[in-house]
Every structure is written in C-alpha cells, then in structure tokens.
Amino acid sequence: MDQEAGVNPDAEQAKLLVVDDDQDMLRLLESWLQKVDYDVQTVTSGAEALAQIEINKPDLVLTDLFMEEMDGMALLRRIHDKNPLMPVIMLSGQAAIPDAVKATHLGTSAFLTKPVDREILLGEIAKHISSFESQRHRNLFSQAIVHRSARMAELLEQAELVAAGDITVFISGETGTGKEVLAKAIHEASARKDAPFIGVNCGAIPEQLLESELFGHEKGAFTGANTKHEGLFKAADGGTIFLDEIGDMPLGLQVKLLRVLQDFEIRPVGSTSNIPVNVRVISATHNNLEELVEKGEFRQDLYYRLNVVPLEMPALRERREDIPLLLEHFLAQQAAKTGKNLKHFEQAAIEYLVGANWPGNVRQLVNVVELCTTLTK
C-alpha cells in the first residue's frame, strides 16, 4: 500500500466491517476507509457484527474494545471460534498494557490506541488484508459451508481440489442437503468466479419448455415465441451452469445435452446453426442415477459424461456435530434479516435438535429456526 498516496491496489476485493458504539468514530473510520476504496460496513454492537459476518463474509474486522453488552474481547473470541484466521484489529481509547497483552493472546491482528493515526491504521489493514487474501482460496469452502465434522471436511477438501479447473462435477445427496450451496462454493473458488453462476432445476420446468430455457429459441420457433431467447447455457457463458435434479430430465432432452457436453455448442429451438458456449457444468440429483440407467430412464453415456468427479453431500443425520454451528449460523441470518436481537437456543433444545432425524436435512433445519425465531419474543 502506498500510504502517502492513500491508494490500496487490492481495495476492490477487500470488505471491511467496522464495529463501534460511538457514531462519530464510526463516521470518521468509514470516511477514511472509503477514501481508499474499501467496501465498508459499520455496525454499533457485537451482536450486529456477528450477524453481518455470517451474511457478508468481511475480509477484516475493525472493532472498539469497550462496548456495552459485548465488548471487543468477547467479539474477538466469538469470531475466532468459527474462523480463527479472520484478521481482527482492535481500537481503544482507555486501554492499558494488560488489555493489549490479553488481546494479543486471544489472536488480535493489531491493537491500536485512540486517537488513531490514520496512516498507521491503513498500513495495518493493508498488511493483514494481504495476508488473509493468500488464505482466502483454501478457506472459501469453510466460509460457504458451516461445518466441523470430519465427513464435511473431507468432502470440502475434495471440492477444493476440483474447483481450480473446469472438470465436470456431479453432486449427489438427499433433498435439502445443500447441493447448490456446494456448487456455488466450487464456482466461487474457480477462475470463473467473476462470470455468472446460473442454476436451473430440471425437474421444476415443464418438459416442453425446458429445451427452450436451456438452449434458447428463435423468434417464431413455436407458438408464443414472440421474441428471441438466448437460454441459460448462453447466459452462463464464461461461468458455471448448475443443472439441479438432472435425474428428472426427459430422455429426449438428454440426447441434446450430451451433444452440448461433447462439443460445447448449443442449437436454439428453431435455429439451423450452432452457437459455441464456454461453460463449466455442475449437475446434481437426489435420485440414484445408476439405478435410473439400469431401468433405461437415464442415458448411460450422459451419466458417464456428467459423473467425471462425483461428490456426495451427506445427510444432516450423518453430520450431527455440525448442527449446533448451523443453528447459530441460521439464527444470525434471521437476526440480520429481521433486524431483531440475535437469539440463541437453550442447551436442552440444542441437544434435542442434534438428536432429531431431519428427513428434510438442512432445508428443514432452516425452516425450524425461522419458525422458532418467529414464535418467540
């Protein structure tokens, strides 16, 4: 960082969260940081900060030490419980040496006293942003998918290995396990991350419309085709297309999808020419495709094209140790969405929820959290 010029070359990628219950201090820090093009968000409490960290995934947190309800030390602990590598810079106008020592042992990246020197602050931020950016890729899956179980850690390690290339990925797993979340994480960790991620549920679109939705159509190609439509494959050009519930795709359309995967060209309905597309294909289903192949309901050649790298999302009952973390994660999301105070489950409730069967998996867990937060004051 060029401190004298006040320019940060990495600023476009850097998101900062500033926490202080002093509104004047918040405005000053926000002004300094926005002038060097950081993406800045401000909150006035530790609870708000935790909720925003879950939602917006900042690259660095800048927090005051002395705040009501949850002070900077407590916030630091809560942040590092879930992400021990997150840079946290602490500010204080009343701190003594023991506070600085304690903060250092708790893992603070820097401890600065108020009134803060602008250039020193910007220098510390740039230094720790740079360090954190080098770790971003290998931590991206942990941030996108909340977990502590060995089963999920192994899966995410496999996903990280395939993310860097363009290899076709197939994700299996029960309904509600989070297959699309994993697909998005793979996209975000790839070189295609700045291009579109387009998801389509192949089982939710009527058969007669699915071909047009995927590959597009020419004007007048069929009744009601009053304009030209480019289709989802073309919309995802340069990025990733996620074909969810691929097992529900009609056999006739499977043939056309196979041609696309062989040549990476699409032919819109009503067109006589092919259009090249540059997309990465990730597909998923809750069905057993091998069984569908044996029954003649899914093409074997397409199955082999899609199943280059198979990843399996475990059911929630197979990763019960993740449930307490998921509960806190979804509670924080609800707090951010509704603007209400962050709530917590009692230990007895957590133990009950950990032991539940969860046939609807993570999606069902989200619904339960939303219902509980709605029905409690």
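Residues numbered from 1 in each chain as written. Predicted model: local features only at pLDDT ≥ 70, side-chain atom pairs only at ≥ 80, totals over all residues. Heavy atoms only, no water.

**Points about a negative patch on the surface**
As a reminder of what qualifies: Put simply, a patch holds well-exposed residues, over 30% relative accessible area, that have no salt bridge, with like charges counted together within 9 Å and Val, Leu, Ile, Met, Phe, Trp or Tyr side chains within 5 Å. The protein chains shown are the only cover counted for residues, whose accessible areas, like all others here, come from Shrake-Rupley with a 1.4 Å probe. Put simply, a salt bridge is a Lys or Arg side-chain nitrogen that is within 4 Å of an Asp or Glu carboxyl oxygen. The charge count treats Lys and Arg as positive and Asp and Glu as negative. His and the chain ends do not count. Note that the charge is assigned to NZ on lysines, CZ on arginines, CG on aspartates and CD on glutamates. Secondary structure is summarised from DSSP: a helix means a run of H or I of at least four residues, a strand means a run of E of at least two, and numbering begins at the N terminus for each.
There is a patch of like negative charges on the surface, built from Asp21, Asp22, Glu68 and Glu69. If you trace the backbone, Asp21 turns up in the loop between strand S1 (15-19) and helix H1 (23-35).

**What to know about unusual backbone geometry**
The step from Lys114 to Pro115 runs through a cis peptide bond, and the omega angle for that step is -5°. Position of Pro115 among the secondary structure elements: in the loop between strand S5 (110-113) and helix H5 (118-144). Backbone geometry at Phe264 places phi at a positive 50°, although glycine is not the residue there. The backbone of Asn361 sits at a positive phi, close to 60°, despite the residue not being glycine. Summarising the element assignment, Asn361 is placed in helix H15 (residues 361-375).

**Points about the nonpolar core**
Put simply, the rule reads: What is meant by a nonpolar core is a set of buried Ala, Val, Leu, Ile, Met, Phe, Trp, Tyr and Cys residues, joined one to another through side-chain atoms within 4.5 Å. Each residue is assigned to one of three classes by its accessible area relative to the maximum for its type, calculated with a 1.4 Å probe on protein chains only: buried under 20%, partly exposed between the two thresholds, exposed over 50%.
Leu214, Phe233, Leu243, Ile246 and Phe298 are the most contacted members of the largest nonpolar core, which totals 30 residues. Every element with two or more residues in this core is listed here: strand S7 (197-201), helix H8 (207-215), helix H9 (232-235), strand S8 (240-244), helix H10 (251-263), helix H11 (289-294) and helix H12 (300-306). Looking at this core, the element that brings in the most residues is H10, giving 5 residues. With 23 residues, the next largest nonpolar core counts Val18, Trp32, Leu62 and Leu121 among its residues.

**Things to note about the sheet that holds strand S12 (residues 309-312)**
For clarity, the cut-off: Any two strands with at least two DSSP bridges between them are considered paired. The convention used is that axes are lines fitted to C-alpha atoms, helices contributing only their stretch in contact, and that angles between N-to-C directions extend from 0 to 180 degrees. We call two residues contacting when some pair of their heavy atoms lies within 4.5 Å.
An order of S7-S8-S11-S6-S12 is seen for the 5 strands of this open sheet, with the pairing classed as parallel. Each end of this open sheet is capped by a strand with a single partner; those strands are S7 and S12. Neighbour to neighbour, the strand axes of the sheet diverge by 20° on average, direction disregarded. Contacts from helix H6 (residues 150-163) reach strand S6 (169-172), strand S11 (280-285) and S12 within the one sheet, and its direction differs from that of S12 by about 155°.

**What about the environment of Glu207?**
With respect to the helices and strands, Glu207 occurs in helix H8. In this structure the C-alpha to C-alpha distance between Glu207 and Asp248, which are 41 residues apart in sequence, comes to 9.7 Å.

**Brief notes about the confidence of the model for the protein chain**
Short version of the rule: Confidence per residue, as judged by the predictor, is encoded in pLDDT with a range of 0 to 100.
Predicted confidence across the protein chain gives a mean pLDDT of 87, with 89% of residues reaching 70 or more. Looking over the protein chain, one finds the lowest element-wise mean pLDDT in helix H4 (residues 97-105), namely 65, and the highest in S8, namely 97. This model gives residues 1-12 a pLDDT under 50, and the stretch forms 19 contacts once residues within four places in sequence are excluded.

**Some points on the sheet that holds S5**
Taken together, the 5 strands give an open sheet; going across it, the order is S2-S1-S3-S4-S5, and neighbouring strands pair in parallel fashion. In the strand order of this sheet, the two ends are held by strand S2 (39-43) and S5, each with one partner. For this sheet, the mean inter-axis angle between neighbouring strands, taken without regard to orientation, is 20°. Bridge count for strand S3 (residues 60-64) against strand S4 (residues 88-92) is 4 bridges, and the pairing is parallel. By the bridge assignment for S4, Val61 is matched with Val88. Running at roughly 170° to S2, H1 makes contact with S1, S2, S3 and S4 of the sheet. Contacts between helix H2 (residues 46-56) and the sheet are confined to S1, S2 and S3, with S1 contributing the most and set at about 170° to the helix.

**Looking at helix H3 (residues 72-82)**
Rules: Arc, as used here, means the arc of the directions from the helix axis to the C-beta atoms. Throughout this description, a polar contact denotes any pair of N or O atoms lying within 3.5 Å of each other; where both atoms belong to protein, one of them has to be capable of donating a hydrogen while the other can accept it, and for residues adjacent in sequence the pair is counted only when both atoms sit in side chains.
When H3 is considered as a whole, its buried residues turn out to be Gly72, Met73, Leu75, Leu76, Ile79 and His80. The arc that holds the buried residues of H3, viewed along the axis, is 160°, so those residues lie on one side. The N-capping residue of H3, defined by a side-chain oxygen 3.2 Å from the backbone nitrogen of Met73, is Asp71.

**Things to note about the packing of H8 against H10**
To keep it simple, the criterion reads: Comment on the angle field: the value is read as roughly parallel under 35 degrees, roughly antiparallel over 145, roughly perpendicular from 65 to 115, and oblique elsewhere. Note: crossing handedness is left-handed where the near helix turns anticlockwise from the far helix by less than a right angle, and right-handed where it turns clockwise. Note that Gly is not counted as nonpolar here; it falls among the polar residues with everything else outside the nonpolar set of Ala, Val, Leu, Ile, Met, Phe, Trp, Tyr, Cys and Pro and the charged set of Asp, Glu, Lys and Arg.
Between H8 and H10, the shortest axis-to-axis distance is 11 Å and the interhelical angle comes to 15°. Between H8 and H10, the interaxial angle falls into the category roughly parallel. When the axes of H8 and H10 are compared, the crossing they make is left-handed. Here Leu210, Glu211, Leu214 and Phe215 of H8 lie close against H10, whose contacting residues are Leu253, Lys256, Leu257 and Val260. Across the contact of H8 with H10, the residue classes break down as 6 nonpolar, no polar and 2 charged.

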